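# Secondary and tertiary structure notes
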Amino acid sequence: MSWLDKIVPSVVRSEGQKNSSKVPEGLWKKCPKCDAVLYRPDLDTHLEVCPKCDHHMRITARKRLDIFLDEENREEIATDVLPVDRLKFKDIKKYKDRISIAQKKTGETDALIAMKGQLQGIDVVTVAFEFAFHGGSMGYAVGERFTQAANVALAERRPLICFSATGGARMQEALISLMQMAKTSAVIERLKQAGIPYISIMTDPVYGGVSASLALLGDINAAEPGARAGFAGPNIIEQTIRQKLPKGFQRSEFLLEHGAIDMIIHRKEMRDRVGSLIGKFTNQQPSLASSDDLESDVVDAVDVVEPANVDVDTPEKTED
């Protein structure tokens, strides 16, 4: 018993314990950017975007797919593809133990979820990285699931959309992990040759081998506000070149300004704007028509990057 407990009357202590037990756990969340204390139900309504500073918090891959795809006609792809410890890798822990811990923590079998469904009535295939699973790292299972999802997109001529959030290649799988860069890049090239649109949307963060392969190979490369993306982190770059990097380096706003990505999409506008892009690429009309403002953004994006062999109406050129 502490000194404070000794001087506080027992009646007050018991009353305080009763009151504290009435407060539900997990009802509040602190914004990591502005430190605002946010009411969880309100934050859920805002799709995990801080209403005070507009900071886009990380969300799970499954929640991202839930808020992005239409509720009907969803089907998960490649659920039978599981991580394999072929190298029997061990550092301070065995790799198979790390996988088991990540599976229990997230409820997922690996760091990528692939699903086919509809976006505003248009058939699509969508994949999303689960950053909480081993840092969203890409090993055999992630590469194979992405490839199988792309093959479904090829076979059924559905646009492919990828939401990436990753630290890069999974070092515990060594060359097996690195070869996924070539495998995913190759299947994206097959999509391009077949005229199937591929839209890559980077969320926070995207680094390493994924940024050097599938994340920046989209017909449209987009990002959420404030998302970080690059091959190596800023600290490593500064130590290597021995220079101070510009403010906001590798943030999506910096990347857009320097031409590394085509557009920034707010999470609340994701369905409408991506639906408009898909409709423009495939000559289909989304079931929920976008506003005139979104339409102008779509025209600008298609002007920047037009996929090979995709049947689209040539938009009128607009000035920036």
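Reference entry: report on the structure contained in this document. Keep in mind that this is a model prediction, so the values were computed, not measured.

### Considering the overall build of the chain
Scanning the chain for helices and strands turns up twelve helices and nine strands. By residue count, 45% of the 320 residues in the chain fall in the buried class. If you take every contact in the chain between residues at least 6 apart in sequence, the share linking residues at least 24 apart comes to 66%.

### Some thoughts on empty space enclosed by the protein
Going through the model one piece at a time under the given rule, you end up with two cavities of 30 Å³ or more. By volume, the largest cavity is sized at about 90 Å³. Around the largest cavity, the lining comprises 13 residues; the ones closest to its centre are I59, R64, A165, T203 and D204. Of all the secondary structure elements, the ones that give two or more residues to the lining of the largest cavity are β6 (160-166) and β7 (198-206). When grouped by side-chain class, the residues that make up the lining of the largest cavity number six nonpolar, two polar and five charged. When its volume is computed, the second largest cavity comes out at roughly 40 Å³. Lining of the second largest cavity is provided by V84, D85, R86, L87, Y95, Y140, Q172, E173 and I176. Residue composition of the lining of the second largest cavity, grouped by class: five nonpolar, one polar and three charged.

### With respect to the environment of M270
Note on placement: M270 falls in helix α11 (residues 270-282). You can call M270 buried: its relative accessible area is 4%. C-alpha of M270 to C-alpha of E224: the two residues are 46 residues apart in sequence and 8.9 Å apart in space. Once residues lying within four places of it in the same chain are set aside, the contact partners of M270 are F68, F163, I201, E224, I265 and G275.

### Points about the packing of helix α6 (residues 140-156) against helix α7 (residues 174-194)
Relative to each other, α6 and α7 sit at 10°, their axes nearing to 9 Å. Here α6 lies roughly parallel to α7, going by the angle between them. Only I176, Q180, K183, T184, V187, I188, R190, L191 and A194 of α7 make contact with α6, whose side of the interface consists of Y140, G143, E144, F146, T147, A150, N151, A153 and L154. Considering only residue class, the contact of α6 with α7 consists of ten nonpolar, five polar and three charged.

### Overview of the nonpolar core
With 41 residues, the main nonpolar core has F129, F146, L160, L191, Y198 and L214 as its most contacted residues. Those elements giving two or more residues to this core turn out to be α5 (95-106), β4 (112-119), β5 (122-129), α6, β6, α7 and β7. The element best represented in this core is α6, accounting for eight residues. Those residues in contact with F146 that sit more than four places away from it in its chain are L112, V127, L160, C162, T184, V187, I188, Y198 and L214. Within the second largest apolar cluster, 23 residues are counted, among which are I113, M115, L119 and M263.

### Here we look at the state of the cysteines
A complete count under the given rule lists zero disulfides for this structure. No disulfide involves C50; its sulfur sits 3.7 Å from the nearest other cysteine sulfur, which is in C53. Look at C50 and you get buried, because its relative accessible area is 1%. Sulfur of C53: no disulfide; nearest cysteine sulfur belongs to C31 and is 3.6 Å away.

### As for the packing of aromatic side chains
One pass over the structure, following the stated rule, counts four aromatic pairs. Ring centres 4.9 Å apart and planes at 80° place the aromatic pair F68 and F163 in the edge-to-face group. Placement of F68 in helix α4 (residues 61-68) and of F163 in strand β6 is noted, with a sequence separation of 95 residues between them. Considered together, F68 and F163 belong to a single accessibility category, that of buried residues. A centroid spacing of 5.4 Å and a plane angle of 70° characterise the contact between F249 and F254, whose relative ring orientation is edge-to-face. The ring of Y140 carries the charged tip of R86 above its face, separated from the ring centre by 4.7 Å.

What counts and what doesn't
- Residues numbered from 1 in each chain as written.
- Predicted model: local features only at pLDDT ≥ 70, side-chain atom pairs only at ≥ 80, totals over all residues.
- Heavy atoms only, no water.
- Helix = DSSP H or I, 4+ residues; strand = E, 2+ residues; numbered from the N terminus.
- Buried < 20%, exposed > 50% of the residue type's maximum accessible area, 1.4 Å probe, protein only.
- Contact = heavy atoms within 4.5 Å.
- 1 Å grid on protein atoms, 1.4 Å probe; cavity = no way out; pocket = protein on both sides within 12 Å on 5 of 7 lines; lining within 4 Å.
- Points joined across faces, edges and corners; volume = space filled by probe spheres on them.
- Nonpolar A, V, L, I, M, F, W, Y, C, P; charged D, E, K, R; others polar.
- Axes fitted to C-alpha atoms, helices over the stretch in contact; angles between N-to-C directions.
- Parallel < 35°, antiparallel > 145°, perpendicular 65-115°, else oblique.
- Core = buried A, V, L, I, M, F, W, Y, C linked by side-chain atoms within 4.5 Å.
- Disulfide = S-S within 2.5 Å.
- Phe/Tyr/Trp six-rings, centres within 6.5 Å; stacked < 30°, edge-to-face > 60°.
- Lys NZ or Arg CZ within 6 Å of the ring centre and 35° of its normal.

By themselves, these are just geometric observations and shouldn't be taken as functional.
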